[in-house]
Amino acid sequence: AGFYRSKYTDINGVSKTMASTQFESLDARRAFPCWDEPAAKAVFGITLVVPAHLTAFSNMPERARKTLDGGTMCEIQYLDSPKMSSYLVAFCLGEFDYVSALTENGVLVKVYTPPGKGAQGMF
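Definitions and limits used
- Residues numbered from 1 in each chain as written.
- Predicted model: local features only at pLDDT ≥ 70, side-chain atom pairs only at ≥ 80, totals over all residues.
- Heavy atoms only, no water.
- Pairing = 2+ DSSP bridges.
- Helix = DSSP H or I, 4+ residues; strand = E, 2+ residues; numbered from the N terminus.
- Salt bridge = Lys/Arg side-chain N within 4 Å of Asp/Glu carboxyl O.
- Buried < 20%, exposed > 50% of the residue type's maximum accessible area, 1.4 Å probe, protein only.
- 1 Å grid on protein atoms, 1.4 Å probe; cavity = no way out; pocket = protein on both sides within 12 Å on 5 of 7 lines; lining within 4 Å.
- Points joined across faces, edges and corners; volume = space filled by probe spheres on them.
- Nonpolar A, V, L, I, M, F, W, Y, C, P; charged D, E, K, R; others polar.
- Patch = residues over 30% accessible without salt bridge, like charges linked within 9 Å, V, L, I, M, F, W, Y side chains within 5 Å.
- Areas by Shrake-Rupley, 256 points an atom, 1.4 Å probe, with all protein chains shown as cover.
- Phe/Tyr/Trp six-rings, centres within 6.5 Å; stacked < 30°, edge-to-face > 60°.

Visitor: So, the pairing of strand β1 (residues 2–9): which residues are in play, and what are the values?
Guide: Direction of pairing for β1 relative to strand β2 (residues 15–22): antiparallel, over a ladder of eight bridges. Residue pairing for β2: Gly 2 is matched across the bridge by Gln 22. Turn length for the β1-β2 hairpin, with the two strands adjacent in sequence and antiparallel, is five residues, and the turn residue Gly 13 shows positive phi of about 80 degrees.

Given below as structure tokens:
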């Protein structure tokens, strides 16, 4: 657990790697300094710097995106989270497709999948 690599197979049978989080009550401190206790809540402002050819996402929608290093890297800032426990913070990085839709209340919901497997995320 923590911020770790995970393997998946793409539609051509090629093994790929993604990075993702699973912060159980004591694992967030492996990725960033925090009071890593479920009762200690905070607002989280996430900024990721990632290779430009990869997709990154977090708990909140993007606030801003900036190209770095001549277009090879990208800085993505996300909106601040509501007050929450550190184990709820999430971010992922890799090659992804997604499907999205608006709820009847106007909330955008996205489901991310490995490339070519977007139909499996339909809801």
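Visitor: Got a sec to walk through the pattern of salt bridges? Specific residues and values, please.
Guide: In total, this model carries six salt bridges according to the counting rule given. Linking Arg 29 and Asp 36 is a salt bridge whose minimum nitrogen-to-oxygen distance equals 3.4 Å. The class for Arg 29 is partly exposed, based on a relative accessible area of 46%. The partner of Glu 75 in a salt bridge is Lys 66, and the shortest N-O contact between them spans 3.7 Å. Residue Glu 75 is classed as buried on the basis of its relative accessible area of 18%.

Visitor: Can you explain unusual backbone geometry? Please cite residues and give values.
Guide: With a phi angle near 50 degrees, Asp 69 is a residue other than glycine that sits in the positive phi range. Looking at the element boundaries, Asp 69 is found in the loop between β6 (62–68) and β7 (73–78).

Visitor: Quick rundown of empty space enclosed by the protein? Include the residues and the values.
Guide: With the rule as written, the count across this model stands at one cavity of 30 Å³ or more. For the largest cavity, the calculated volume is near 30 Å³. As for the largest cavity, its lining consists of Phe 44, Ile 46, Ser 58, Asn 59, Met 60, Tyr 78, Leu 79, Ser 81 and Met 84. The residue makeup of the lining of the largest cavity, split by class, is six nonpolar, three polar and no charged.

Visitor: Before we move on, could you go through a nonpolar patch on the surface and cite the residues and values that matter?
Guide: Together, Val 107, Val 109 and Phe 123 make up a nonpolar patch on the protein surface, roughly 270 Å² of accessible area in all. Topologically, Phe 123 is positioned in the segment after β11 (108–113).

Visitor: Mind laying out the pairing of strand β9 (residues 91–94), listing which residues take part and the relevant values?
Guide: Side chains of β9 alternate between two faces, with Phe 91 and Leu 93 and Cys 92 and Gly 94 buried alike. Taken together, the two bridges between β2 and β9 define a ladder with antiparallel strand orientation. Its bridge partner being in β9, Ser 20 is matched across the sheet by Cys 92. Note: strand β5 (residues 55–58) against β9, four bridges, orientation antiparallel. Its bridge partner being in β9, Thr 55 is matched across the sheet by Gly 94.

Visitor: Residues and numbers for the packing of aromatic side chains, please.
Guide: One pass over the full model with this rule turns up eight aromatic pairs. Residues Phe 57 and Phe 96 carry aromatic rings whose centres are separated by 5.3 Å and whose planes lie at 75 degrees to one another, so their mutual orientation is edge-to-face. One end of the pair, Phe 57, is in strand β5; the other, Phe 96, is in the loop between β9 and β10 (97–102), and 39 residues separate them in sequence. On the accessibility criterion, Phe 57 (18% relative accessible area) is buried.

Worth remembering: the numbers are spatial, not functional.
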